[in-house]
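# Close look at the chain arrangement
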Amino acid sequence: MPYAVPFMMLGAVLFGIGLVGFLTRRNLIIMFLCTEVMFQGVLLNLIAMGLRHGNLQGQGFGLFVLVVAAVEAGLGLAIVVLLYRRRGTLDAESWRTMRG
Amino acid sequence: MNTPAWLEPLMFYLFAGVALLSALGIVLCGNIVRSALCLLGTLGGVAGLYFLMFANLLAVIQLIVYAGGTLVLIIFGVMLTSKSPWVRFAARRGEIVASCAVVAALFVSLCKILTDVDWSAGATGSAQVVPVRDIGAVLLQDYLVPFEAASVLLLAVLIGAAYLARPQPAERTSAP
């Protein structure tokens, strides 16, 4: 088994844990943390693929994903704080206006 | 430098274990502050794995940007929003079972893909540490347009986050 495959398996496990947390927790900040865990899984995959092909494109793309993740963290937290100001709770279930 | 052959698998399992246990801690922990701290373990473990994959620059950037910047931001968010860190909003049992089933199916199919692929095709042999100079050259030659677009994106987000977090009109009129 080549060197990069265990890293990709680990990336899949991290993505799965993040997805389970995102779907089962109802706290907005915990859901946000779970998206960060999923990001880590995806980044591991990118770097492992770059390692396997022996070029720099994996690392370059990983850098851009890091930038986008930092951006997403800033905006996401601003939105969470805004939602908290409107309803006074972090419960995602309190935002169900569009449910039929 | 000569490193013993058992060291690399040991480091892999160590970092992977730290990352996985912390990720589980984020999902299962009842306290928001502890969940946020568990994220530090995941980020650190994954950064160690980057070192094992010869991506030293990315590992350092991960430690600085994520563990240094984003995590502090998240903890500020927790402090700004939490009345009690122990508040737990329960999901229904059916939702938990359904999401676990979906994720298990996804994981099994991903593992099947990973084990079925013929990895010997098109593989290049020697993995080694890349000098930072090469990464800089790639960023400023091959990826110049995305690089500049990232700076515009950062500026837009700076303005957008300040706009979103500004004092609300109702708060402004109530202030003296």
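Residues numbered from 1 in each chain as written. Chains lettered and ligands numbered in written order. Predicted model: local features only at pLDDT ≥ 70, side-chain atom pairs only at ≥ 80, totals over all residues. Heavy atoms only, no water.

## Description of the overall build of chain B
Within chain B, the secondary structure is distributed over seven helices and zero strands. The linear arrangement of helices and strands in chain B, starting from the amino end, is α-α-α-α-α-α-α. Across the 176 residues in chain B, those meeting the buried criterion constitute 28%. Contacts in chain B between residues far apart in sequence, at least 24 positions, make up 58% of those at least 6 positions apart. (Helix = DSSP H or I, 4+ residues; strand = E, 2+ residues; numbered from the N terminus. Buried < 20%, exposed > 50% of the residue type's maximum accessible area, 1.4 Å probe, protein only. Contact = heavy atoms within 4.5 Å.)

## Side note on the overall build of chain A
Counting its secondary structure elements, chain A contains three helices and zero strands. The N-to-C order of helical and strand elements in chain A reads α-α-α. Since a compact globule built from 100 residues should have a radius of gyration of about 13 Å, the 17 Å found for chain A marks it as more spread out than a globular shape. With respect to the three principal axes, the spread of C-alpha positions in chain A is 50 × 25 × 20 Å. Relative to its full complement of 100 residues, chain A shows a buried share of 60%. Carbon and sulfur atoms make up 69% of the accessible area of chain A, which totals about 3800 Å². Of the charged side chains in chain A, 8 are positive and 4 negative; the average position of the first set lies 4 Å away from that of the second. (Rg over C-alpha atoms; globule rule 2.2 N^0.38 Å. Areas by Shrake-Rupley, 256 points an atom, 1.4 Å probe, with all protein chains shown as cover. Lys, Arg positive; Asp, Glu negative; His and termini not counted. Charge placed at Lys NZ, Arg CZ, Asp CG, Glu CD.)

## Describing the packing of helix α3 (residues 57–87) of chain A against helix α6 (residues 144–164) of chain B
One way to put it is that α3(A) packs onto α6(B) with a least axis distance of 10 Å and a crossing angle of 10°. Relative to α6(B), the element α3(A) is oriented roughly parallel. Judged by residue contacts, A:F64, A:V67, A:V68, A:V71, A:L75, A:A78, A:I79 and A:L82 of α3(A) engage B:P146, B:F147, B:A150, B:L153, B:L154, B:V157, B:G160, B:A161 and B:L164 from α6(B). Within the contact of α3(A) with α6(B), the residues separate by chemical class into 16 nonpolar, one polar and no charged. (Axes fitted to C-alpha atoms, helices over the stretch in contact; angles between N-to-C directions. Parallel < 35°, antiparallel > 145°, perpendicular 65-115°, else oblique. Nonpolar A, V, L, I, M, F, W, Y, C, P; charged D, E, K, R; others polar.)

## Some points on the environment of A:L75
With respect to the element layout, A:L75 can be found in helix α3. In this structure A:L75 comes out as partly exposed when scored by relative accessible area, which is 27%. When near neighbours in sequence (up to four residues on either side) are disregarded, A:L75 contacts B:V157, B:G160, B:A161 and B:L164.

## A few points about the confidence of the model for chain B
Chain-level statistics for chain B give a pLDDT mean of 85 and a share of 88% at 70 or above. Here the complex is predicted with pTM 0.87, and the ipTM for its interfaces comes to 0.89. (pLDDT = per-residue confidence, 0-100.)

## Observations concerning helix α2 (residues 32–52) of chain B
All names here are of chain B. The end-to-end C-alpha separation of α2 is 31 Å, in line with the 30 Å expected for 21 residues at 1.5 Å each. The N-cap residue of α2 is N31: its side-chain oxygen and the backbone nitrogen of V33 are 2.9 Å apart. F54 sits one or two positions beyond α2 and adopts a positive phi of about 65°. (Expected span 1.5 Å × (residues − 1). Polar contact = N/O pair within 3.5 Å; in protein donor to acceptor, adjacent residues only side chain to side chain.)

## Remarks on the layout of surface pockets
Empty pockets left among the atoms are what a rolling probe the size of a water molecule brings to light. Residues and elements named next belong to chain B. A volume near 240 Å³ is recorded for the largest pocket. Along the walls of the largest pocket sit T3, P4, L7, E8, M11, F15, G48, F51, L52 and F54, which together make up its complete lining. Of all the elements in the fold, those that place two or more residues in the lining of the largest pocket are α1 (7–28) and α2. No other element matches the four residues that α1 contributes to the lining of the largest pocket. Classifying every residue of the lining of the largest pocket gives seven nonpolar, two polar and one charged. (1 Å grid on protein atoms, 1.4 Å probe; cavity = no way out; pocket = protein on both sides within 12 Å on 5 of 7 lines; lining within 4 Å. Points joined across faces, edges and corners; volume = space filled by probe spheres on them.)

## Digging into the interface of chain B and chain A
In this assembly, 79 residues from chain B lie in contact with 68 residues from chain A. Summing both sides of the interface, chain B and chain A together bury roughly 6600 Å²; the carbon and sulfur share of this comes to 78%. On the chain B side of the interface with chain A, the three residues burying the most area are B:M53, B:F89 and B:W119, jointly 12% of the side's total. Counting the contacts that link chain B with chain A gives one salt bridge. One can count seven residue pairs in polar contact (both at pLDDT 80 or more) joining chain B with chain A. Looking at the side of chain B that touches chain A, the elements with two or more residues in it are α1, α2, α3 (56–81), α4 (93–116), α5 (132–141) and α6 of chain B. Top element by residues in the side of chain B that touches chain A is α3(B). It accounts for 12 residues. Partitioned by chemical class, the residues of the side of chain B that touches chain A number 59 nonpolar, 12 polar and eight charged. (Buried area = accessible area lost by both parts, 1.4 Å probe. Salt bridge = Lys/Arg side-chain N within 4 Å of Asp/Glu carboxyl O.)

## What to know about the packing of aromatic side chains
Throughout the structure, instances matching the rule amount to three aromatic pairs over all chains. Relative to B:F12, the ring of A:F7 has its centre 5.0 Å away and its plane inclined at 80°; by these criteria the two rings are edge-to-face. In this pair, A:F7 is assigned in helix α1 (residues 5–24) and B:F12 in helix α1, connecting two distinct chains. Ring geometry for B:F12 versus B:Y13: centroids 5.5 Å apart, planes at 70°, classification edge-to-face. (Phe/Tyr/Trp six-rings, centres within 6.5 Å; stacked < 30°, edge-to-face > 60°.)

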